[in-house]
Structure formats: structure tokens, C-alpha cells
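One letter stands for each residue in the lines below.
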There are 2 protein chains.
Amino acid sequence: MGLFERHQGLIERAVQASAERGYWSAFSEMPSPKVYGESAPADGKAAFEAHLGQRFELGQAGQGAAIAPEVSPYGVALGVSYPVCDAQTLVDAAQKAMAAWQRLGARERVGLCAEAVVRLNARSFEIAHAVMATTGQGWMMAFQAGGPHAQDRALEALAYAWAEQSRIPAQAVWEKPQGKNPPIRMRKDFEIVGRGVALVIGCGTFPTWNTYPGLFAALATGNAVIVKPHPHAVLPAAITVRVIRQLLAEQGLDANLVSLCVTDQPEVTQALATHPAVASVDFTGSNAFGQWLLEHCQQAQVYAELAGLNHVLIDSTSAYKAMLDNLAFTLCLYSGQMCTTTQAILVPQAGIETDEGHKSAEAVGADLAAAIDRLLAKPEVACAVLGAIQSDATLARIEQANAGQWGRVIRASQAIAHPDFPQARVRSPVLLACGAADEQAYQIERFGPIAFVVTVADTDAAIALSERMVKQHGALTVGVYSTRQEVLQAITEATWRSRVALSINLTGPVFVNQSAAFSDYHATGGNPAANASYADSAFVANRFRVVQRRQHIAA
Amino acid sequence: MGLFERHQGLIERAVQASAERGYWSAFSEMPSPKVYGESAPADGKAAFEAHLGQRFELGQAGQGAAIAPEVSPYGVALGVSYPVCDAQTLVDAAQKAMAAWQRLGARERVGLCAEAVVRLNARSFEIAHAVMATTGQGWMMAFQAGGPHAQDRALEALAYAWAEQSRIPAQAVWEKPQGKNPPIRMRKDFEIVGRGVALVIGCGTFPTWNTYPGLFAALATGNAVIVKPHPHAVLPAAITVRVIRQLLAEQGLDANLVSLCVTDQPEVTQALATHPAVASVDFTGSNAFGQWLLEHCQQAQVYAELAGLNHVLIDSTSAYKAMLDNLAFTLCLYSGQMCTTTQAILVPQAGIETDEGHKSAEAVGADLAAAIDRLLAKPEVACAVLGAIQSDATLARIEQANAGQWGRVIRASQAIAHPDFPQARVRSPVLLACGAADEQAYQIERFGPIAFVVTVADTDAAIALSERMVKQHGALTVGVYSTRQEVLQAITEATWRSRVALSINLTGPVFVNQSAAFSDYHATGGNPAANASYADSAFVANRFRVVQRRQHIAA
């Protein structure tokens with residue numbers, strides 16, 4: 001039985017799910033021994049620990065001296081070293097591997113990719129520990145977002161890749177009637193070929209979740225892939241690449257089809273991204289580097305997930321406390337180090353109507369600060385939710401915010417001691433207050449646990465401000481709280497124009513910064529925060545081309 | 001009955017045809033009164049003639065003074081004048097019209113577009129006369145390529161636009177199980193929104209065939225469209241835009257959703273193409289302007305159909321005469337003024353084996369010249385096949401080629417008197433001989449009736465040369481003649497690497513420069529000649545975005 005047949009049910013269910021967009025997940029998000037096996041937690045931890053202090057071997061082409069660029073936000077000594085490979089050698093090896101991969105055909109390619117995803121799922125605990133240690137995510141998020149949720153996104157990309165490729169026939173007979181004469185008959189063959197070598201550039205916060213869609217979309221559509229992880233979050237990508245390379249070798253294919261490029265030199269990444277043989281670049285990260293890629297990589301299709309100004313408008317609510325709790329959790333989760341975390345909370349200066357009566361703008365800010373305090377009251381809960389701060393730049397930003405540089409401090413960030421990791425840099429969110437006119441404060445992305453309560457003239461002004469911010473600076477998420485239908489309609493229409501996803505009156509255990517594979521499009525691809533979406537047809541359809549040949553059929 | 005219901009059978013048949021890729025055409029390619037109505041030929045001619053010397057009114061926003069930029073290659077006095085509209089006003093009006101068009105939904109948009117295509121079909125004679133008079137095409141080609149074949153390509157784009165959009169549900173219920181607790185239930189709404197104003201830039205040779213795919217793909221996916229025709233071929237586009245505007249108005253929609261921008265100032269086109277509100281540009285034309293667009297239109301998706309070095313390899317044949325006749329027709333048809341016409345014919349220096357014995361490379365050139373002479377022996381046939389020379393630049397190139405500047409003249413171009421149009425500039429093809437090393441001769445596009453018989457070391461060298469030319473300069477078509485399976489396999493694999501369509505041993509009434517809608521992909525989009533294909537999912541999927549909203553469903 002081929003790999004496609006083995007996973008056909010899974011692949012077809014994924015295609016169905018992405019078309020229906022209801023709830024579906026291929027993989028359990030609970031790190032439960034009942035699901036993953038009794039020994040899975042301990043085995044995964046041991047597998048992770050076995051990497052520490054070791055050289056991570058992949059047997060790639062062009063290996064040179066090794067570097068160990070990772071720094072754990074938890075203060076864990078990682079010491080994993082990775083051989084630096086010559087970029088040109090990686091490209092050459094990738095190109096060489098592509099011909100056989102193309103000839104395999106879409107069906108077997110998708111089958112092999114599905115097998116890879118299933119194998120990655122089996123290693124969710126190991127990968128989760130690697131994600132947690134390198135990114136600073138809390139354990140549960142590291143398991144879910146780093147493991148099954150990332151695998152779901154991979155499978156979603158495969159579903160689209162399969163849907164698009166499976167509709168192209170391998171062969172057709174073209175028979176054109178000629179009146180009373182015999183028809184003209186031609187045989188046509190259609191070969192799906194990849195665009196070329198794909199470069200997938202990972203980020204430091206979600207090294208699997210943001211890498212898998214591009215990786216598997218490019219791979220399934222016939223391309224070789226070079227994964228270039230963030231130098232601070234290499235291990236999760238390295239494990240992933242090793243799993244795929246092993247599978248390729250088992251199947252008699254050239255493992256160099258997928259390789260890892262470890263570097264802490266931006267020039268190396270820039271040279272790779274503009275290499276004539278690199279036909280697509282998937283990137284998650286800063287606007288600065290993303291814009292550089294969009295400007296300079298004219299030889300490649302660039303799929304860029306950048307940053308934006310996510311925000312929530314509060315007009316009114318019938319569930320004041322639940323709203324505050326929902327917002328507080330969003331602001332605290334992974335210390336706001338998500339590309340989807342809310343940065344600005346827009347409140348009319350006259351305040352809002354709630355089920356607990358009228359609340360002034362100032363009261364909303366104070367009550368939100370109190371909700372954050374409530375959520376973080378127990379240190380073990382606080383540490384589990386907040387995780388640790390991934391980068392020095394974010395730590396520095398928190399200090400600046402605490403100093404009141406960008407607005408009045410409603411709630412200052414505090415350092416919190418982590419019970420298990422004494423060196424962990426854990427910080428609670430800082431909440432600032434400013435006015436709509438203080439654009440230099442809140443209309444610049446302040447990545448990390450920094451949020452603004454922005455006083456706006458009224459709800460209409462807030463809606464207009466939202467539309468302008470998204471069009472100008474981009475956003476991945478917008479939220480709104482209102483009990484008035486006309487307000488919901490107006491913000492809905494504004495988000496159609498600014499092309500951003502909207503969450504309405506979230507009070508339960510669903511948060512504006514979370515998106516569910518197969519149901520929620522992550523980014524619309526229609527505003528400056530991202531030029532592509534996870535995942536849709538556009539995310540896969542231009543990664544391959546169809547080369548046809550035609551010839552007469554003898555009468 | 002809505003317009004979608006009215007055309008549902010047609011649309012669904014087109015979706016099926018594009019998936020099966022056998023022969024199918026929605027519209028008759030014969031200019032027959034039996035199909036189009038007894039009075040259609042005369043009515044169409046009269047409708048065309050009624051435009052001559054008149055101001056073409058579209059009632060657009062921002063109208064200023066009119067210009068009459070068209071020059072007929074047949075020497076017909078056209079004198080049609082078109083109001084020049086302020087570009088910013090056109091953009092503003094287009095943006096204003098988009099909201100209602102979006103709200104109409106994909107289904108009604110596709111239905112309206114299908115109605116437009118059917119109405120265009122009914123005006124095929126009028127449009128054919130306009131195409132013939134402006135481009136210099138012969139009558140039969142003007143009717144077929146300007147009418148039904150262009151309409152087929154439009155319908156093909158609609159089929160893809162419908163297939164991609166119809167798979168996105170308008171609404172979904174997301175219900176996530178919570179063990180023993182009640183599930184989390186969310187309602188999600190998905191709105192398809194266009195990317196923004198689309199600019200479709202036409203060419204001087206195929207003003208409908210190369211304009212309709214982008215026009216209808218953009219329109220059906222929710223965008224407003226500004227059509228910018230080549231200043232020498234405005235009338236076919238103007239009639240098209242008028243048909244769509246009338247239909248929009250009838251349906252109570254804002255006609256400014258589709259507008260015509262007539263200008264002979266490249267700066268106006270450049271300003272439009274780089275306008276922040278312009279989100280996509282479809283372009284057919286020169287490499288120089290195409291490259292300018294790709295470099296400067298970073299705010300837009302650019303779909304560029306440029307030029308390349310189309311070529312045919314001759315290794316051997318079992319039908320020497322039929323091969324020569326097939327090649328001769330390709331070189332003569334519309335005087336080689338097609339982006340798909342063969343420019344170089346690669347022949348091994350030792351000659352080729354044929355059913356008529358061994359033929360030296362020189363003999364192949366001489367016999368091809370003789371085949372051209374045979375085809376053009378009767379002046380009325382010659383004029384019907386050749387049509388007239390569209391541009392002064394092509395006329396000048398023919399003179400240069402005739403002067404032997406780029407190689408030994410095997411067959412010189414001659415001026416031919418047209419029986420019906422004394423002022424028509426009709427020229428027969430010029431055939432040159434050169435060696436593979438004379439890259440400055442044949443490896444530069446020589447648009448028009450100029451072809452080279454290039455002597456190459458051997459077939460292997462010809463295959464390698466083909467691959468290199470396509471990768472470096474691009475090509476829309478490659479042909480091969482060989483009786484040897486290993487040669488066909490080698491060139492097939494070369495075209496997979498260079499990503500170009502291949503026609504094998506064409507000897508019947510199918511020509512390398514022709515592509516059939518629903519079956520042949522026009523361009524692969526994978527080499528420098530074009531970054532997109534007519535038509536595939538990639539041609540439509542990135543022209544729209546999905547904006548979602550989600551909210552709890554009360555328990």
C-alpha cells in the first residue's frame with residue numbers, strides 16, 4: 001500500500017474540513033498519555049534532553065563548522081550545535097533532488113507529506129519541549145501550537161495542495177469535430193512541475209506553526225525546500241527536517257530535497273532569498289525584513305506574514321466581566337508575543353454601556369488591569385500562561401513602556417519568579433493609556449506584553465480609526481464588543497474594506513489571537529500585515545506550474 | 001430567474017471542460033449565418049461601420065477632450081474618437097462601484113459575467129470587424145480569435161473563478177467538543193472581497209483574446225476593472241466595455257465598475273499601474289514595459305504575458321512535406337505577429353532523416369521557403385492568411401531582416417497587394433539562416449514574420465539550446481519533430497525543467513502557435529515569457545481574499 005492510500009482517509013477528511021470550515025482537528029491537542037501513549041511524555045522529554053549539548057547531525061551536503069545559536073528564555077542551557085552548510089551547495093543538492101520528486105506525481109508527494117505529518121505528531125512531546133525551551137512558550141501552548149495545531153496547519157496546506165493538483169488530469173484526448181470529415185484527435189499530457197527551490201524562513205516565536213504551512217505547501221506541489229529557522233529557535237525545525245529526510249531516504253528518494261540552513265548571518269539569508277534558483281520564499285517575522293524580501297526577491301513568489309496593529313473596539317457589552325477576562329487572557333497569553341495579540345483597545349471617551357452599568361474609559365482601563373491581576377494571581381498559573389520573554393528587544397520594550405514613555409501606565413509590568421526555571425525571564429503585561437491622537441505611541445507595533453487603552457471620540461471614530469490603521473499598517477485580528485446591531489454591521493463592513501478578520505463579542509474560551517486550522521483563515525492576505533493566508537487556494541496554486549505536451553493520435 | 005440560473009448549464013459545463021481538458025467550445029468558431037443568424041454578418045458590418053468617424057460614448061466619469069489614436073494596418077480610415085478620462089476619477093468611480101459588486105456575491109457576479117460573454121458572442125461580427133481593422137488580422141482569424149475564441153477564454157476564466165469561489169462557504173458552525181461539558185459553538189461568516197481596482201492593459205495584436213481572461217477573472221472575483229487598450233486597438237475593447245456597462249446598468253449596478261481608459265501617453269498608464277488603489281495589473285505586451293511593471297508595481301499582483309523565443313527542433317520526421325506545410329502555415333499566419341509564433345527552427349548541421357530521404361540543413365531551409373511560397377501562391381489566400389503588418393516597428397524589422405543583417409536570407413519578404421484594401425501593408429515572411437553561435441541574431445525577439453533556420457551541432461545540442469533559451473529568455477511554445485522516442489523523451493524532460501509547452505510532430509491542422517481554451521494552457525507561467533497562465537487556479541485564486549467574522553452562538 002502506498003503512502004497516499006495509507007493516508008487517503010485523512011487527506012480527504014482534511015479536504016472536506018477545509019471546504020466546510022466547521023470544527024475539525026486531525027490530532028489531539030491534549031498532551032495526554034491516553035492519546036499519545038503511556039510512555040510518550042517521558043520518551044519525548046528524554047528525546048529532547050538527548051539533544052542538549054550535542055551536535056545535531058542531518059548528514060547534509062556542504063557541512064562546515066557548527067554553531068550553537070540558541071538562547072533559552074527559560075535560562076535552560078541548550079548547547080545544541082548545528083553544522084553550517086554552504087548555501088550554494090544546499091541549493092545545488094535541492095535542485096538535483098527535485099526531478100525525481102516531480103516524477104513521483106502529486107498523489108505520492110501528498111501521501112509522503114501526510115506520512116511526515118503523522119510522524120511529526122508522534123513526536124509532539126519532543127517537539128513541544130524544543131519549542132518551549134527555545135521560544136519561551138508555556139508548556140501547554142508549546143505542546144498545542146508547536147505540536148498538533150502546527151500539524152493541523154500542515155495538513156490543511158496539504159489538503160489545498162491536493163485539491164488543486166488533483167483537479168489537473170494527467171492526460172486528455174482532445175477530439176475536435178470536423179463536420180462530415182473525421183475529427184482531429186490529439187493526445188495531451190499534463191505534467192505538474194514545482195516552481196523551483198523553496199526557502200522557508202521561520203520566526204523565533206512559533207518555529208513550527210509558522211513554518212509548516214509553507215514547508216508542506218511547497219513540498220507537496222513539487223518543490224525542494226530549504227528551511228531557514230530563526231537562530232534562536234532551530235531545534236524544532238531541525239527535528240522536523242530530520243523526520244522528513246529520514247522518510248525520504250526510506251522511500252528511496254534523495255533526502256536533500258528538504259534541508260536545514262542554520263545561520264545567524266542575515267547576509268546568508270538574503271543571498272539565499274535572492275538566489276536565482278529560489279522560486280518561492282515563505283517568511284514570518286518583522287516588517288523590516290519582510291519588506292526587504294518583497295522588494296528584493298523579484299525572482300521569487302514571496303509569502304510574507306509580517307506584523308500589524310491588532311486592536312479591539314469596545315462600544316458596549318452585556319457581559320462586562322467576561323469581556324474583561326477574555327481580553328486579559330489574550331493580553332497575557334505567551335506575554336503577547338503572538339502576531340495576533342491585541343495591541344490597542346479602543347474605548348469611546350464618554351465610556352461604555354455594560355450589564356454592570358455605565359463605565360468610563362478610565363474605569364475600563366482600571367478594570368482590565370484588575371482582570372489581568374486576577375488571572376495572574378497564582379504564580380504557577382501566571383508562569384504557565386505568560387511563558388517567558390523570547391527576545392532582548394522585547395525585554396527592552398517592556399522597560400520603555402513601564403517608564404511611561406508611550407502613555408500613562410495603568411498597569412506596570414512586573415518580573416515574576418518561575419518556580420521551575422530560576423533564570424526564566426517572566427514578565428506580566430504593561431497596560432498604557434493614551435488618546436487617539438497619540439499615534440506615535442500606539443500606531444507602531446510594540447511586540448510583546450504591551451497594550452494600550454486608546455480613548456477615541458466615539459464608536460464611529462473608533463470604526464474609522466480601525467479601518468485606517470488596518471489599511472495603513474495592517475492587522476491580523478480585530479475584535480469588537482457591542483450590543484448594537486448597527487455598530488456590528490458598521491465594523492463588519494469596515495473590515496471588508498480593510499480586509500481583516502473580525503471577532504465579535506468574544507467572552508467564552510475563544511480568544512481573538514487564536515485561529516483554528518480548517519476553519520479560521522490566519523491572515524486575509526489583503527492588508528499590509530500579510531500578503532497571504534494560511535491556508536487557501538492562493539497559498540498553493542502558484543507554487544506549481546503545468547507543463548503540457550500534445551501530439552496527434554493516429555487515425 | 002437570475003443570471004446565474006440562466007447560465008448555470010454553461011458555467012458548469014465550462015468548469016467540467018477545464019477539469020477534463022478535452023475539446024469543448026461554448027461558441028461556434030464559424031462566422032456562419034446559420035449559427036449567428038441570417039442578418040448577423042450584415043448587421044455586424046453595419047454596426048462596425050457606424051462607429052467610424054464618430055465619437056465613442058461610454059458616459060464615463062471624468063471625461064475630457066477626445067483622441068482618435070487608431071491607425072489601421074489595412075489603411076482603412078477609422079476616425080473613431082474616444083474621450084480621455086481623468087485617471088484618478090476613473091479609480092475613484094471604480095472604488096465606489098466595488099462595494100455593491102462585492103455584496104452581490106460570487107454567484108451573481110459570475111452569472112452577470114456569463115451574460116456579458118454571451119452578449120459579446122452575439123456581437124462577434126461587429127467585434128471581428130473592429131479587430132480586423134485595428135490589428136491587421138485576416139478576416140477569419142479576426143472573427144475566431146477576436147470573437148468566439150476570446151469568449152471561450154473569458155468563459156474559462158469565469159469557470160476557474162467560480163470553481164475557486166464556490167468552494168468557500170458563506171457560513172459555518174464551528175462546534176468544538178469539550179468532553180462532558182457542552183461544546184463551544186461559534187458561527188462564522190466568510191465574505192469574499194476583491195483585492196481592489198484591477199487594471200487590464202491590452203496589446204495591439206489581440207485586443208480581446210489577451211484582454212478577456214484578466215478582465216473576467218478580475219471582475220468575477222469582486223474587483224472593479226479599468227481596461228487600458230493599446231492605442232492602436234481601442235475599438236474592440238471599447239465595444240466590450242460598453243456591453244458590460246450596459247448590462248451593469250440594466251441590473252441596477254454602477255456601470256463605473258468597468259471603465260475604459262484611452263490614452264497614448266505611457267506616463268498615464270504607468271501612473272495608473274502604480275496607483276495605490278490598483279491591486280492587480282494584467283498586461284500583455286513587450287518585455288520592456290512588462291519588466292517595468294514587475295519592478296514598479298509592488299502594490300499590485302502583476303499577471304504578465306510577455307515575449308519569448310519560441311522555437312521548433314527538427315530531429316527527423318516521417319512526414320516531411322506535411323511538417324513543412326505545418327511550419328509554413330505557422331510562420332505565415334497573421335504574419336507571425338503572435339506571441340506564440342515560432343522564431344527559430346533548430347536543425348542539426350548534418351541534416352535530418354525523413355520519409356523522403358536525408359535532407360541537409362540547407363535543404364530544410366530551402367524546402368521550408370518553398371512551402372511558404374506554395375502556401376502564398378494565390379494572392380487572395382496569401383492576404384487572408386497573412387493579414388497586414390500591425391506596427392511600424394515590425395515593418396522596419398522586416399526591412400532589416402531582408403537586408404541580411406541577422407543572417408543569410410533564404411527567403412526574402414515581399415510586399416503583396418491586397419485585392420480589397422489598396423493601402424494595406426501586407427508582407428510575406430522573411431526566412432534567415434544562421435548558426436547556433438549567432439545568438440545576437442536569433443536570441444533576440446524579432447516580432448513579426450521573421451524566422452531563423454538555426455544550424456545546431458546535433459539534436460542533443462538543440463535540446464540543450466532549447467532549455468537554455470527558455471530559461472533565459474522565455475518561450476510560450478516549443479515544437480519538436482522526431483521519429484525517435486529517446487529524443488521525444490529528452491526534449492519532454494527539458495521542457496519540464498524549462499517549463500514550456502511542447503507540441504510534438506504537428507503535421508495536421510493543428511499549429512504550434514494555436515492554443516485551445518479549456519484544454520491548452522496558454523503559457524505555463526514558469527519561464528520568463530509569462531508569469532501566469534491562461535487559465536488556471538493561480539490565475540484567479542489570488543484576485544480575491546476571504547474576510548471572516550466569528551461570534552459565539554448562544555447556548
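Bear in mind that the values here come from a model prediction, so they are computed numbers and not experimental data.

Chemist: What's the story with the interface of chain B and chain A in this structure? I'm lost.
Modeler: One widely used convention gives an interface's size as the accessible area the parts lose upon coming together. Listed by partner, the interface residues are 58 residues for chain B and 58 residues for chain A. Secondary structure elements with two or more residues in the side of chain B that touches chain A: helix H1 (3-20), strand S3 (171-178), strand S4 (181-194), helix H11 (287-296), helix H18 (485-498), strand S20 (501-504), helix H19 (537-541) and strand S21 (544-552) of chain B. Considered class by class, the residues forming the side of chain B that touches chain A number 24 nonpolar, 18 polar and 16 charged.

Chemist: Please explain the sheet that holds strand S5 (residues 197-201) of chain A as it appears in this structure.
Modeler: Strands pair in a sheet through their backbones, by hydrogen bonds, and they do so in one of two ways: parallel or antiparallel. All names here are of chain A. Pairing is parallel in the open sheet, where five strands are placed in the order S7-S6-S5-S8-S9. Two strands lie at the open edges of the sheet, namely strand S7 (258-260) and strand S9 (301-305), each paired on one side alone. Each neighbouring strand pair of the sheet contributes to a mean axis angle of 15 degrees, computed without reference to strand direction. Two strands pair when backbone bridges link them, and S5 and strand S6 (residues 225-228) are joined in this way by four bridges, in the parallel orientation. Opposite Leu199, over in S6, you have Ile226 as the bridge partner. Of the strands in this sheet, S6 and S7 touch helix H9 (residues 235-250), which is tilted by about 150 degrees from S7.

Chemist: What is the right way to read the relation of the copies chain B and chain A from this model?
Modeler: Two copies of one chain are present, and they are related through a rotation about an axis combined with an axial shift. When chain B is fitted to chain A, the residual RMSD is 0.0 Å, and the transformation amounts to a turn of 180 degrees plus an axial shift of 0.0 Å. Here the two chains are linked by the operation of a two-fold rotation axis. Taking the C-alpha atom as reference, chain B places Ala538 of chain B closest to the rotation axis, 3.2 Å from it. The fraction of interface residues of chain B whose copies in chain A are also interface residues reaches 100%, indicating that both copies meet through the same surface.

Chemist: Could you clarify how one ought to interpret the packing of helix H4 (residues 87-122) of chain B against helix H7 (residues 148-166) of chain B in this entry?
Modeler: Between two packed helices, both the angle of their axes relative to each other and the distance between the axes serve to describe the pair. All names here are of chain B. The geometry of H4 relative to H7 is characterised by a closest axis approach of 10 Å and an angle of 175 degrees between their N-to-C directions. Relative to H7, the element H4 is oriented roughly antiparallel. Where H4 approaches H7, its residues Ala106, Val110, Cys113, Ala114, Val117, Leu120 and Asn121 are matched on the opposing element by Pro148, Gln151, Ala154, Leu155, Leu158, Ala161, Trp162, Gln165 and Ser166. Counted by class, the contact of H4 with H7 contains 12 nonpolar, four polar and no charged residues.

Chemist: Just to check I follow, could you spell out the domain arrangement of chain A for this structure?
Modeler: Residues and elements named next belong to chain A. Its domain assignment divides chain A into domain 1 (3-306 + 533-551) and domain 2 (311-504). The interface of domain 1 with domain 2 comprises 15 residues on the first partner and 16 residues on the second. Here the side of domain 1 that touches domain 2 is composed, by residue class, of seven nonpolar, seven polar and one charged.

Chemist: Please explain H7 of chain B as it appears in this structure.
Modeler: Since the α-helix packs 3.6 residues into each turn, any two residues three or four apart lie on the same face. An ideal rise of 1.5 Å per residue puts 27 Å on 19 residues; H7 of chain B measures up with 26 Å between its terminal C-alpha atoms. Counting buried residues along H7 of chain B, 18 of its 19 residues qualify, which places the element largely inside the surrounding structure.

Chemist: Honestly, the sheet that holds strand S19 (residues 477-481) of chain A in this entry has me stumped. Any pointers?
Modeler: Taken in spatial order, the 10 strands line up as S14(A)-S17(A)-S18(A)-S11(A)-S10(A)-S19(A)-S20(A)-S21(B)-S4(B)-S3(B) in an open sheet, and their pairing is mixed. Among the strands making up the open sheet, the edge pair consists of strand S14 (408-411) of chain A together with S3 of chain B. Strand-to-strand twist in this sheet, taken as the mean axis angle between neighbours without regard to direction, amounts to 25 degrees. Note that S19 of chain A and strand S20 (residues 501-504) of chain A share four bridges and pair parallel. Bridge pairing links Val478 of chain A to Leu502 of chain A in S20 of chain A.

Chemist: Would you mind going over unusual backbone geometry with me for this structure?
Modeler: With the exception of glycine, the majority of residues adopt a negative phi angle, and the majority of peptide bonds are in the trans configuration. Along the chain, Tyr534 of chain A connects to Ala535 of chain A via a cis peptide bond; the corresponding omega equals -25 degrees. Within the element layout of this structure, Ala535 of chain A appears in the loop between S20 and helix H19 (537-541). With phi around 65 degrees, Arg21 of chain B is a residue other than glycine that occupies positive phi space. Following the sequence through the fold, Arg21 of chain B ends up in the loop between H1 and helix H2 (33-36). For Arg21 of chain B, a count of 22 C-beta atoms within 10 Å corresponds to the buried category. In this model, Ala523 of chain B sits at a positive phi of 70 degrees, which is unusual for a non-glycine residue.

Scoring rules and cut-offs
Residues numbered from 1 in each chain as written. Chains lettered and ligands numbered in written order. Predicted model: local features only at pLDDT ≥ 70, side-chain atom pairs only at ≥ 80, totals over all residues. Contact = placed C-beta atoms within 7 Å. Helix = DSSP H or I, 4+ residues; strand = E, 2+ residues; numbered from the N terminus. Nonpolar A, V, L, I, M, F, W, Y, C, P; charged D, E, K, R; others polar. Pairing = 2+ DSSP bridges. Axes fitted to C-alpha atoms, helices over the stretch in contact; angles between N-to-C directions. Least-squares fit on C-alpha atoms with pLDDT ≥ 70 in both. Parallel < 35°, antiparallel > 145°, perpendicular 65-115°, else oblique. Domains from an automatic or database assignment. Expected span 1.5 Å × (residues − 1). Buried ≥ 20, exposed ≤ 12 C-beta atoms within 10 Å, placed from the backbone.

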